[in-house]
Amino acid sequence: MDVLQRPSIPEDAVQYQLFLVHPESSEAEAHERFLQQILQNILAELAPLLVQYIWQHQPFNLRYHPEKGDVPAHLGGVTEFGDNVEDEWFIVYLLKHITRTFSDIAAVVCDNDGQFLLIEAAEHLPKWLDPDSSENRVFLYRGELHILPNRTRSGEAGWPRDSVPTVAQALEVLHSHTESCLAKQPICAALTKRLDGYPDKIQQNFHRAHCYVPAGIAVVLSKRPDLIAPAVSAFYLRDPVDLQACRTFHTFTPDTRVMTSVKFTHCLYAQLQQQSFVPDRRSGFTLPVHSHPQYRAHELGMKLAHGFEILCSKSGQSSSEKEASVSSNPLWRGFLDSLKKNGYFKGELEGSVRYKYLMTSHSFFPLLLLKANLACEFSTKMISVFSEFSRSPSVGDAWLDISPQELERLLEERGGRGVSDGTCKTAQPDEEVQEEEAGYSLIAVTQGMKNFINAMSSHEGAEIPSSCLAQPFSFDPDAVTSALDRLLGSKDDELDSDDFEDDDEEDDNDVDEDEGVQNCESQEQAGAEALDNLRKYMDEMDQELQSTNIGRSFTQNNRVSLHRCCFSSDASKSSFADPGSELVEEEIQPLDVDLNLVSNLLESLASQAGLAGPASNLLQSLGIHIPPDADQS
């Protein structure tokens, strides 16, 4: 498919599609009924995971999509994750869970960057796989990543890289050659490492903080903790028009404030806490002095109140109308039956308090996504005291601050520059760091640069040599033997017993051999003449550069001249006596290339003053770590 014809995906959004690998019926109506039934089963299966999750902007949603063009009927959706990229990877985990539970389902996931699963494992991909050749090739199937291989000969499994298969063709190859399509172990390991920790990571990504908020907000968040996301986003993305509704609070008045514990995600808490904001004097929200022990709780509560008030000012349709539209939808009854069948309500009686709570917690159902205007339904007149909420613990926010060493470790881990076995590098004690710096050799710098210069590259960019990427060493004896044969000459010229068997045949071929020898001699003479001409040309260039100041910027190798001074005193005296001999003594001394390379790199690093720059970026890409400059002068 042409790049211009591909459906565009919004920025900071992820698109996912679920296809039947081998559909049993070709009839459109039967196919749709089957997919609708699978949709209900999927939502019921994911209910325990989704009920506890707080989405940044939009939740995970699936709906039926009919056949369109060469894309068969499927289940799919788009989720905008905003600034919280963990939402995107949580969706990848959900898709892996779906394809593992429902073995006849294959999932495709991408964002505005394309196949971001391949980006995560970019260092382990085969050379032929690039953004142009990866379309309709990458699937999550049976809980693992599958990539259609490159078919170079007829009869092989896969698809040729120079053509794009349709979705139906790709699914047929995936169904027929599942084992051959399974991604290599390093690629799967990179994806598994990125998803490590789920589903326990859901709880680890939460942060609780005390907030001094109006009582209505405390009730709303106790019933619907997920509404914290639209409230924070409303405050975070506010404009002057939004703040007009916050000059005087009509829904959440400041005189009903209580202390409560609010659950955030790390991203939402960072957005709310890091923004500086001074409320309007007419709003009634006043903050204590910074030294007050509850200053943070007052500030967070004030910001949350502004966010909820902005949401209420934008509300339109009432919640009763929304609930009526949901209950009348034919899909809702089937979805509710699937929840009961999978034990979602845990034996609770219909109508009980726990049953109602579980019913109001399924915000993942697409038709029951209540907007934040539910906050308006809670009147502050119905609330007296909410001091019991303040008993919930508040967790410290030290995770917001990160040290330079921790940042460097994270960057190395994300850049794939950790240890070769794929494990994370742990912080080293000061003594080990000092020993590492003391034993550091600059030979690695020069050798790394030489490998980089000698590496093959193309119009697509420079490629990092594999020797710089901490890959395991491999030895091919046949390749070494053939290389030595090319350098030293083949063994065909050696004599053995077979050389003396056919004397007559050798006599017949003497003329041909003489012609071959003459051709070789002429080629050698031509090569020698070309080499002599090149040397003369280089000598003339050196003589011309002698009269300029370019040579003074390089460090010359004076070992030759020192050798002459030590073993020939006459030559040394004559060189000082005769001014003309000074030119002979200084005549084009060889340059120490390694020394010049290292000195220039160190000067470039010093000029960066610890910041990012060309020298540090190049060395980091080569896997070379330079210790920090101990001389702060």
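The text that follows walks through the structure, step by step, so that each part is easy to find.

Reading the values: rules and limits
Residues numbered from 1 in each chain as written. Predicted model: local features only at pLDDT ≥ 70, side-chain atom pairs only at ≥ 80, totals over all residues. Heavy atoms only, no water. Helix = DSSP H or I, 4+ residues; strand = E, 2+ residues; numbered from the N terminus. Contact = heavy atoms within 4.5 Å. Phe/Tyr/Trp six-rings, centres within 6.5 Å; stacked < 30°, edge-to-face > 60°. Buried < 20%, exposed > 50% of the residue type's maximum accessible area, 1.4 Å probe, protein only. Lys NZ or Arg CZ within 6 Å of the ring centre and 35° of its normal. Polar contact = N/O pair within 3.5 Å; in protein donor to acceptor, adjacent residues only side chain to side chain. Salt bridge = Lys/Arg side-chain N within 4 Å of Asp/Glu carboxyl O. Pairing = 2+ DSSP bridges. 1 Å grid on protein atoms, 1.4 Å probe; cavity = no way out; pocket = protein on both sides within 12 Å on 5 of 7 lines; lining within 4 Å. Points joined across faces, edges and corners; volume = space filled by probe spheres on them. Nonpolar A, V, L, I, M, F, W, Y, C, P; charged D, E, K, R; others polar. Axes fitted to C-alpha atoms, helices over the stretch in contact; angles between N-to-C directions. Parallel < 35°, antiparallel > 145°, perpendicular 65-115°, else oblique. Core = buried A, V, L, I, M, F, W, Y, C linked by side-chain atoms within 4.5 Å. Patch = residues over 30% accessible without salt bridge, like charges linked within 9 Å, V, L, I, M, F, W, Y side chains within 5 Å. Areas by Shrake-Rupley, 256 points an atom, 1.4 Å probe, with all protein chains shown as cover. Lys, Arg positive; Asp, Glu negative; His and termini not counted. Charge placed at Lys NZ, Arg CZ, Asp CG, Glu CD. Arc of directions from axis to C-beta. Left-handed = near helix turned anticlockwise from the far one by under 90°.

Comments concerning the overall build of the chain
So, point 1. The secondary structure content of the chain amounts to 26 helices and 8 strands.
So, point 2. For the chain, the proportion of contacts with a sequence separation of at least 24, taken over those separated by at least 6, is 77%.

Let's talk about the packing of aromatic side chains
So, point 1. Tallied over the full model, the rule gives 13 aromatic pairs.
So, point 2. Relative to F277, the ring of F235 lies with its centre 5.2 Å away and its plane at 90°, an arrangement referred to as edge-to-face. Residue F235 is found in helix α9 (residues 228-236), and its partner F277 is found in the loop between α11 (266-274) and α12 (295-313); the two are separated by 42 residues along the sequence.
So, point 3. Exposure remark for F277: the relative accessible area of 14% places this residue in the buried category.
So, point 4. Through successive ring pairs, a cluster of aromatic residues spans Y53, W55, F90, Y93 and Y198.
So, point 5. Between the NZ or CZ atom of R151 and the centre of the ring of W159, over which it lies, the distance is 5.7 Å.
So, point 6. Here the guanidinium or amino end of K263 rests over the ring plane of F206, the centre of that ring lying 4.6 Å away.

Brief notes about the side chain of S133
So, point 1. With respect to the helices and strands, S133 occurs in the loop between α3 (116-120) and β5 (138-141).
So, point 2. By relative accessible area, which is 4% here, S133 ends up buried.
So, point 3. A distance of 2.8 Å separates the side chain of S133 from the backbone oxygen of W128, its partner in a polar contact.
So, point 4. In this structure, S133 is in contact with W128 and R161, ignoring residues within four places of it in sequence.

Side note on the pattern of salt bridges
So, point 1. Here the structure, examined in full by the defined rule, presents 9 salt bridges.
So, point 2. Among the ionic contacts, a cluster of salt bridges with common partners joins E86, R194 and K201.

Observations concerning the pairing of strand β3 (residues 74-80)
Regular strands have side chains that alternate between both faces of the sheet.
So, point 1. For β3, the tally of buried residues reaches 5 of 7 residues, placing the bulk of the element in the interior.
So, point 2. Alignment of strand β1 (residues 13-20) against β3, held across 6 bridges, turns out to be antiparallel. Looking across to β3, one finds that V14 is bridged to T79.
So, point 3. Relative to β3, strand β2 (residues 63-65) runs antiparallel, the two being bridged by 3 bridges. Paired with R63 across the bridge in β3 is G76.

Considerations on empty space enclosed by the protein
So, point 1. Counted according to the given criterion, the structure contains 1 cavity of 30 Å³ or more.
So, point 2. When its volume is computed, the largest cavity comes out at roughly 50 Å³.
So, point 3. Taken together, Y53, I54, E86, Y198, K201, I202, N205, F206 and T265 make up the full set of residues lining the largest cavity.
So, point 4. A class-by-class count of the residues in the lining of the largest cavity yields 5 nonpolar, 2 polar and 2 charged.

A closer look at the packing of helix α8 (residues 215-223) against α12
So, point 1. Direction vectors running N to C along α8 and α12 enclose 80°, while the axes themselves pass 11 Å from each other. With respect to α12, the element α8 is oriented roughly perpendicular. Contacts between α8 and α12 involve I217, V220 and L221 on the former and, on the latter, L304, A305 and F308.
So, point 2. Within the contact of α8 with α12, the residues separate by chemical class into 6 nonpolar, no polar and no charged.

Focus on the nonpolar core
So, point 1. One finds F60, F90, L95 and F264 to be the most contacted residues of the largest nonpolar core, which totals 86 residues.
So, point 2. Not counting chain neighbours up to four residues away, the residues in contact with F264 comprise N205, F206, H207, A209, C211, I228, V232, Y269, L272 and L304.
So, point 3. Counting residues in hydrophobic clusters, the runner-up holds 14 residues, among them F19, V108, W159 and L174.

Here we look at a negative patch on the surface
So, point 1. Where like charges cluster on the molecular surface, the negative patch consists of E11, D12, D83 and D113.
So, point 2. As for its placement among the helices and strands, D12 is situated in the segment before β1.

Topic: helix α6 (residues 185-194)
So, point 1. Among all positions of α6, only I187, C188, A190, L191 and R194 are buried. End-on, the buried residues of α6 take up no more than an arc of 155°, which puts them together on one face.

Focus: a nonpolar patch on the surface
So, point 1. On the surface, a cluster of nonpolar side chains totalling about 480 Å² of accessible area is made up of L531, L534, Y537, M538 and M541.
So, point 2. Within the secondary structure, M538 sits in helix α21 (residues 510-546).

Observations concerning helix α4 (residues 167-176)
So, point 1. What α4 keeps buried is the set V167, A170, L171, V173 and L174. Taken down its axis, α4 places every buried residue within 160° of arc, on the same side.
So, point 2. Buried positions along α4 lie against β1, β4 (105-111), β5, β6 (144-147) and α5 (178-181).

Quick look at the side chain of D226
So, point 1. Of note, D226 is situated in the loop between α8 and α9.
So, point 2. A distance of 2.7 Å separates the side chain of D226 from the side chain of R224, its partner in a polar contact.

With respect to the sheet that holds β4
So, point 1. Spatially, β2-β3-β1-β4-β5-β6 is the arrangement adopted by the 6 strands of the open sheet, whose pairing is antiparallel. Across the chains shown, the open sheet's two edge strands, defined by having one partner strand only, are β2 and β6. The sheet shows a mean angle of 35° between the axes of neighbouring strands, direction not considered.
So, point 2. On the sheet, helix α2 (residues 86-101) packs against β1, β3, β4 and β5 and is oriented at approximately 165° with respect to β4.

A closer look at the pairing of β6
So, point 1. Where β5 and β6 come together, 4 bridges link them in antiparallel fashion. Its bridge partner lying in β6, Y141 is registered against E144.
So, point 2. Between the end of β5 and the start of β6, which pair antiparallel, lie 2 residues, with R142 showing a positive phi angle near 55°.

Considering the environment of G216
So, point 1. Inspection of the secondary structure puts G216 in helix α8.
So, point 2. Sequence spacing of G216 and T256 is 40 residues, and the spatial spacing of their C-alpha atoms is 8.1 Å.

Focus on the packing of helix α1 (residues 28-50) against α2
So, point 1. Where α1 meets α2, the axes come as close as 11 Å, and the angle between the chain directions of the two elements is 140°. Between α1 and α2, the interaxial angle falls into the category oblique. The interaxial crossing formed by α1 with α2 has right-handed handedness. Judged by residue contacts, I42, E45, L46, L49 and L50 of α1 engage F90, Y93, L94, H97, I98 and T101 from α2.
So, point 2. A class-by-class count of the residues in the contact of α1 with α2 yields 8 nonpolar, 2 polar and 1 charged.

Some details on unusual backbone geometry
So, point 1. Following Y198, the chain continues to P199 via a peptide bond in cis, the omega torsion being 5°.
So, point 2. By secondary structure assignment, the location of P199 is in the loop between α6 and α7 (201-204).
So, point 3. In this model, N136 sits at a positive phi of 60°, which is unusual for a non-glycine residue.
So, point 4. By the secondary structure assignment, N136 is in the loop between α3 and β5.
So, point 5. In this model, R142 sits at a positive phi of 55°, which is unusual for a non-glycine residue.

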